[in-house]
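Summary of structural features
Listed below are the residues making up each chain.
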Amino acid sequence: MRIILLGPPGAGKGTQAERITNDFKIPHISTGDIFRYNIKNNTELGKLAKQYIDKGLLVPDAVTNKIVEDRLSKDDCKNGFLLDGYPRNVSQAESLEKFLANENLKIDHVLNIIVDRDSLVERLSGRRVCPSCGATYHVVTKPPKIEGICDKCGEKLIQRTDDNIESVLKRLEVYEDETKPLIEYYSKTNLIRNIDGNKPVNEVYNDIQALIGDDK
Ligand code: AP5
Ligand code: MG
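Read on for an overview of the structure.

Some words on the site of ligand 1
- As a matter of local geometry, ligand 1 sits amid 35 residues, with T15, L57, R88, R127 and R171 nearest to it.
- The backbone of V59 places a nitrogen or oxygen atom 3.0 Å from a nitrogen atom of ligand 1.
- The side chain of R171 places a nitrogen or oxygen atom 2.7 Å from an oxygen atom of ligand 1.
- Put simply, the parts of the chain that give the shell around ligand 1 at least two residues each are α1 (13-24), α2 (31-40), α6 (117-126) and β6 (136-138).
- Here the shell around ligand 1 takes four residues from α2, the largest share from any one element.
- Considered class by class, the residues forming the shell around ligand 1 number 13 nonpolar, 13 polar and nine charged.

What follows is the structure, encoded as structure tokens:
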């Protein structure tokens, strides 16, 4: 099963991706996570990506496309994969299409998670993440058992450097200008399905399962 998760910043892509990939036993490929891993480890890629991410801008396509192609060429992607946060503009979508066509592969589902703008801002402002295991929390809707501490590994939680209000607003603007046109792009292939992401996490997941569950 090959899935693309579309949706604005804070739509719940990462949250739903974790469940889908556990269920379908396919790798979760998040370009944002790959960049953050490289930033944490101070690699050359990390240094470059940080300049864009902190400002809420997209990392250049040539860099991002190459990372995804390398990742999709790994053995664990042979039985499928889930892309979270990629493609993010039409040029990336075209690049992915070319790559997959060369490999004789096709995307099965494009899931577009839709959430109200006010909720997106609330979700991102209140999000806390574990720098060690990557678990995601929210100060109001999904607080950890002990304030500021990861339930899973005991690490101190942090706020992502791009979850400040200035970067959040920029990310939403970039989404409108560059990523939203992908909805039309994938409508042409009849692959896209809209998901109401305003519902509670479990309900959103039930809706996703209803759409893709039979393909397992
Ligand atoms: P990326 O990491 O992809 O961030 P994003 O797209 O902005 O999305 P988020 O990860 O912020 O949100 P999400 O949809 O995963 O929501 P989550 O599940 O965490 O990208 C970051 C940056 O990297 C980009 O700005 C760019 O600079 C760069 N980049 C990445 N990919 C790129 C690409 N392809 N090309 C170029 N540059 C790229 O949930 C959010 C919060 O809401 C959490 O607190 C969660 O607990 C809560 N929540 C989730 N679901 C619900 C629900 N149903 N109800 C209530 N609360 C919920
Ligand atoms: Mg995410």
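From this point on, the discussion continues.
Description of the layout of surface pockets
- Space inside the second largest pocket adds up to approximately 280 Å³.
- Lining the second largest pocket are A93, L96, E97, L100, A101, N104, L105, K106, I107, Y186, T189 and L191.
- When residues of the lining of the second largest pocket are assigned to their parent elements, the largest contribution, five residues, is made by helix α5 (residues 90-102).
- Along the lines of polarity and charge, the residues of the lining of the second largest pocket split into eight nonpolar, two polar and two charged.

Observations regarding the pattern of salt bridges
- The tally for this structure, following the rule as stated, stands at 14 salt bridges.
- As a salt-bridge pair, K170 and E173 come within 3.2 Å of each other at their nearest N and O atoms. Taken as a pair, K170 and E173 lie in helix α7 (residues 165-179) at a separation of three residues, close to a single helical turn.
- Residue classification places K170 among the partly exposed residues on the basis of a relative accessible area of 28%.
- Residues joined by salt bridges that share partners form a network here, namely R127, R160, D162, D163 and R171.

Here we look at α7
- Spanning 15 residues, α7 covers 20 Å between terminal C-alpha atoms, matching the ideal 21 Å at 1.5 Å per step.
- For α7, the set of buried residues is S167, V168, R171, L172, V174, Y175 and T179. Along the axis of α7, the buried positions cluster into a sector of 160 degrees, meaning they face one direction only. Opposite the packed face of α7, turned more than 90 degrees from it, sit the exposed residues E166 and D177.
- Looking at the buried positions of α7, the neighbouring elements they touch are β4 (109-114), α6, β5 (127-129) and α8 (181-187).

A look at the packing of α6 against α7
- It is at 10 Å that the axes of α6 and α7 come closest, and there the two elements cross at 140 degrees. On the basis of the axis angle, α6 is oblique to α7. Considering only the axes of α6 and α7, their crossing is right-handed. Together, R117, L120, V121 and L124 of α6 and I165, V168, L169, R171 and L172 of α7 make up the contact between the two elements.
- Of the residues in the contact of α6 with α7, the class split is seven nonpolar, no polar and two charged.

Analysis parameters
- Residues numbered from 1 in each chain as written.
- Chains lettered and ligands numbered in written order.
- Predicted model: local features only at pLDDT ≥ 70, side-chain atom pairs only at ≥ 80, totals over all residues.
- Heavy atoms only, no water.
- Near = heavy atom within 4 Å.
- Polar contact = N/O pair within 3.5 Å; in protein donor to acceptor, adjacent residues only side chain to side chain.
- Helix = DSSP H or I, 4+ residues; strand = E, 2+ residues; numbered from the N terminus.
- Nonpolar A, V, L, I, M, F, W, Y, C, P; charged D, E, K, R; others polar.
- 1 Å grid on protein atoms, 1.4 Å probe; cavity = no way out; pocket = protein on both sides within 12 Å on 5 of 7 lines; lining within 4 Å.
- Points joined across faces, edges and corners; volume = space filled by probe spheres on them.
- Salt bridge = Lys/Arg side-chain N within 4 Å of Asp/Glu carboxyl O.
- Buried < 20%, exposed > 50% of the residue type's maximum accessible area, 1.4 Å probe, protein only.
- Expected span 1.5 Å × (residues − 1).
- Arc of directions from axis to C-beta.
- Contact = heavy atoms within 4.5 Å.
- Axes fitted to C-alpha atoms, helices over the stretch in contact; angles between N-to-C directions.
- Parallel < 35°, antiparallel > 145°, perpendicular 65-115°, else oblique.
- Left-handed = near helix turned anticlockwise from the far one by under 90°.

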